[in-house]
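Report on the structure
The primary structure of each chain is shown beneath.
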Amino acid sequence: MNGAERAFAEHGFAVVRNVVSRDEVSVMREEIEKMIAGAPVDRSTSTDRDGNPVDHPQDFSYGQGRNGSPVLNRISNQLARSCVMREVYANPKLLSLVEDIYGPEFVPFAESIVIKMPENGSSFANHQDGQRFDLQDRGLNVGIYLQPSTEQNGCLRVVPGSQRNGKVDVDAIVARDGSILSDSLPVEAEAGDVVIHDRSVIHGSLPNESPDLRVTVYFGFHRLDSIEAIHDDGHIRRRAQAIGLCIHERQASGRYETETSFDYALSKLAPVPETDDEIETVLRTPALKV
Ligand SMILES: O=C(O)CCC(=O)C(=O)O
């Protein structure tokens, strides 16, 4: 076991430093700026601040800002929205982190980008992800940090080891402790670092009242054998095809010529989609929820 695998098994999360290069981080930051500028002005509108129509406006979610007004806090389905995000997804260092923990047979769960706007970034209530606590492996999230994430700008907080406790009454703990749970730790990170967390670990984050933006690009994964009994083969295959597609696009970009591509063990089960329709279907296949 390497350090990240050990930390993940023991504490339910692992911080891995300097995984994503400065260049990739800066390309992602530019992309996020465009995504934020192109967001619907609020929940009930499907045009951006310049009046342009927004594709799939339901990809944008809003939390509660400081004065109770809605503030953008999440952009989902980034693989469908952005070729930059698809190239990063296939970064072999990222996919190898998942392989180290889950073995070669892993598949995508869901993807989203958490945005904590400066001065007015919404909190994320303490929780465990999803509903299916009967499963042994409930998936993991890989979070790529695009800026330093600190206690000041609302970094992730986790309760180490809580992934082993099954479904926990988190609301009761919040009623006792308030939003900073007494057993929780702040997980600070630098740009280019990655934090992997078990979907069962109790986690959340406080509001961002600092002048600094905090963006985390989340890519979620499952072990194939943990979801085979609850999702049909076609659904799993379509989600897994996203991995091959992203590896193909990263190779074809010509920007990573000296890099050895990730060798995805399920590439025969989930071949690269070819036609525009197939690609659209793969990229818009819903999450493998558990
Ligand atoms: O990154 C964060 O601040 C928390 C995000 C989170 O808990 C979630 O997406 O479920």
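To keep things clear, this report deals only with the structure shown in the data block.

Criteria and cut-off values
- Residues numbered from 1 in each chain as written.
- Predicted model: local features only at pLDDT ≥ 70, side-chain atom pairs only at ≥ 80, totals over all residues.
- Heavy atoms only, no water.
- Buried < 20%, exposed > 50% of the residue type's maximum accessible area, 1.4 Å probe, protein only.
- Helix = DSSP H or I, 4+ residues; strand = E, 2+ residues; numbered from the N terminus.
- Arc of directions from axis to C-beta.
- Contact = heavy atoms within 4.5 Å.
- Polar contact = N/O pair within 3.5 Å; in protein donor to acceptor, adjacent residues only side chain to side chain.
- 1 Å grid on protein atoms, 1.4 Å probe; cavity = no way out; pocket = protein on both sides within 12 Å on 5 of 7 lines; lining within 4 Å.
- Points joined across faces, edges and corners; volume = space filled by probe spheres on them.
- Nonpolar A, V, L, I, M, F, W, Y, C, P; charged D, E, K, R; others polar.

Some details on helix α1 (residues 3-11)
Among the residues making up α1, those that are buried are Ala-4, Glu-5 and Phe-8. An end-on view of α1 places all buried positions within 100 degrees of arc, on one side of the element. Tucked inside the fold, the buried residues of α1 contact β1 (13-16), α5 (92-102), β6 (140-145) and β9 (194-198). Residue Asn-2 occupies the N-cap position of α1, its side-chain oxygen lying 3.1 Å from the main-chain nitrogen of Ala-4. With its phi angle positive at about 85 degrees, Gly-12 sits one or two positions after the end of α1.

Describing the layout of surface pockets
Here the largest pocket defines a volume of roughly 710 Å³. Lining the largest pocket are 28 residues, with Arg-74, Phe-109, Ala-110, Ser-112 and Asp-129 sitting closest to its centre. Secondary-structure elements contributing two or more residues to the lining of the largest pocket are β3 (70-76), β4 (106-116), β5 (124-127), β10 (202-205) and β11 (214-223). In terms of residue count, the dominant contributor to the lining of the largest pocket is β4 (five residues). Class assignment for the residues of the lining of the largest pocket results in nine nonpolar, 12 polar and seven charged. There is about 330 Å³ of room inside the second largest pocket. Lining the second largest pocket are 18 residues, and of these Phe-8, Gln-136, Asp-137, Gln-163 and Asp-198 sit closest to its centre.

A closer look at the side chain of Asp-59
Along the chain, Asp-59 falls in the loop between α2 (22-37) and β2 (60-64). Exposure remark for Asp-59: the relative accessible area of 1% places this residue in the buried category. Here Asn-77 takes part through its side chain, which lies 2.8 Å from a polar atom of the side chain of Asp-59. Among all residues touching Asp-59, those that are not within four sequence positions of it are Arg-74, Ile-75, Ser-76, Asn-77, Arg-81 and Arg-284.

Purely spatial values, then, with no claim about function.
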